[in-house]
Amino acid sequence: INDILGATHAPHAKRNSYLERIIMSTQNSGERWVAPPDSHYYAPFGGWKGFMRSYGLKTWDDDDIYEGKQILQGMKDGDRFAWEEEQKAKAAAAGK
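Note that the coordinates shown come from a computational prediction; the quantities given were computed from them, not determined experimentally. (Residues numbered from 1 in each chain as written. Predicted model: local features only at pLDDT ≥ 70, side-chain atom pairs only at ≥ 80, totals over all residues. Heavy atoms only, no water.)

S.K.: It is not clear to me how the environment of D61 should be interpreted in this structure. Could you clarify?
M.R.: Counting through the fold element by element, D61 comes out in the loop between α4 (48–54) and α5 (62–95). At a separation of 3.0 Å, a polar atom in the side chain of D61 contacts the main-chain amide nitrogen of D64. (Helix = DSSP H or I, 4+ residues; strand = E, 2+ residues; numbered from the N terminus. Polar contact = N/O pair within 3.5 Å; in protein donor to acceptor, adjacent residues only side chain to side chain.)

Following this line, the structure appears as structure tokens:
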């Protein structure tokens, strides 16, 4: 599972595009984390099927679907962690 949760994004995916960064910064600019929809993560792959294929996973295999969901959760957790760290940095800068 560590390999799954620590998985990097497929190299050919266009993740963190300029538009996505604007959406994320606008969506999570407040004091409360708002999780983006799952489609935010797999849309750059052309949808769920493309997301699964990019990781070599089959959409008809239950184990692969589970693994795909774990990868997706790892991405979401990573984004939330990054947001929390950004909030801590902002709070520390404001306190100085």
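Back to the text.
S.K.: Before we go on, may I ask you to explain the pattern of salt bridges in this structure?
M.R.: Oppositely charged side chains may form a pair once their charged atoms are brought near each other. Using the criterion set out here, one finds 5 salt bridges in the structure. Notably, a salt bridge pairs K58 with D64, separated by 3.7 Å at the nearest N-O pair. Among the ionic pairs, K90 bridges to E86, the shortest N-O distance being 3.3 Å. Here K90 pairs with E86, and both are found in helix α5, just 4 residues apart, close to one helical turn. (Salt bridge = Lys/Arg side-chain N within 4 Å of Asp/Glu carboxyl O.)

S.K.: Explain the confidence of the model for the chain to me, please; I cannot follow it from the model alone.
M.R.: Where the model shows low pLDDT, its predicted coordinates should not be examined in detail. A residue-level look at the chain finds 68% of positions with pLDDT of 70 or above and a mean pLDDT of 79. Predicted confidence in the chain is weakest over helix α1 (residues 2–5), with a mean pLDDT of 40, and strongest over α4, with 96. (pLDDT = per-residue confidence, 0-100.)

S.K.: How do you make sense of the packing of aromatic side chains when you look at a structure like this?
M.R.: The geometry of two aromatic rings is summed up by the distance between their centres and the angle between their planes. The final tally for this structure, using the stated rule, is 6 aromatic pairs. Note on F45 and F51: the rings are 5.1 Å apart at their centroids and 85 degrees apart in plane angle, and the pair reads as edge-to-face. Judged by relative accessible area, F51 falls into the buried class, the value being 0%. Clustering of aromatic rings is evident, with ring pairs tying together Y42, F45, W48, F51 and Y55. (Phe/Tyr/Trp six-rings, centres within 6.5 Å; stacked < 30°, edge-to-face > 60°. Buried < 20%, exposed > 50% of the residue type's maximum accessible area, 1.4 Å probe, protein only.)

S.K.: Could you clarify how one ought to interpret α5 in this entry?
M.R.: Helical geometry: 3.6 residues make up each α-helical turn, so side chains three or four residues apart lie on a common side. Given a rise of 1.5 Å per residue, 34 residues ought to cover 50 Å, and the 49 Å separating the end C-alpha atoms of α5 matches this to within 8%. If you check which residues of α5 are buried, you get D64, G68, Q70, I71, L72, G74, M75, K76, D79, W83 and Q87. For α5, the N-terminal cap is D61; the gap from its side-chain oxygen to the backbone nitrogen of D63 is 2.8 Å. (Expected span 1.5 Å × (residues − 1).)

S.K.: Teacher, can you tell me more about the nonpolar core here?
M.R.: Among the nonpolar cores identified, the biggest contains 8 residues, and these are Y41, F45, F51, M52, L57, I71, L72 and M75. Taken together, the elements giving at least two residues each to this core come down to α4 and α5. The element that contributes the greatest number of residues to this core is α5, accounting for 3 residues. Once you skip the residues sitting within four places of it in the chain, F51 turns out to touch Y41, Y42, F45, G68, I71, L72 and M75. (Core = buried A, V, L, I, M, F, W, Y, C linked by side-chain atoms within 4.5 Å. Contact = heavy atoms within 4.5 Å.)

S.K.: What exactly am I supposed to notice about the environment of E31 here?
M.R.: Within the element layout of this structure, E31 appears in the loop between α2 (18–27) and α3 (38–42). Among the residues examined, E31 registers a relative accessible area of 79% and is labelled exposed. Distance in space between the C-alpha atoms of E31 and Q87 is 7.9 Å, their sequence separation being 56 residues.

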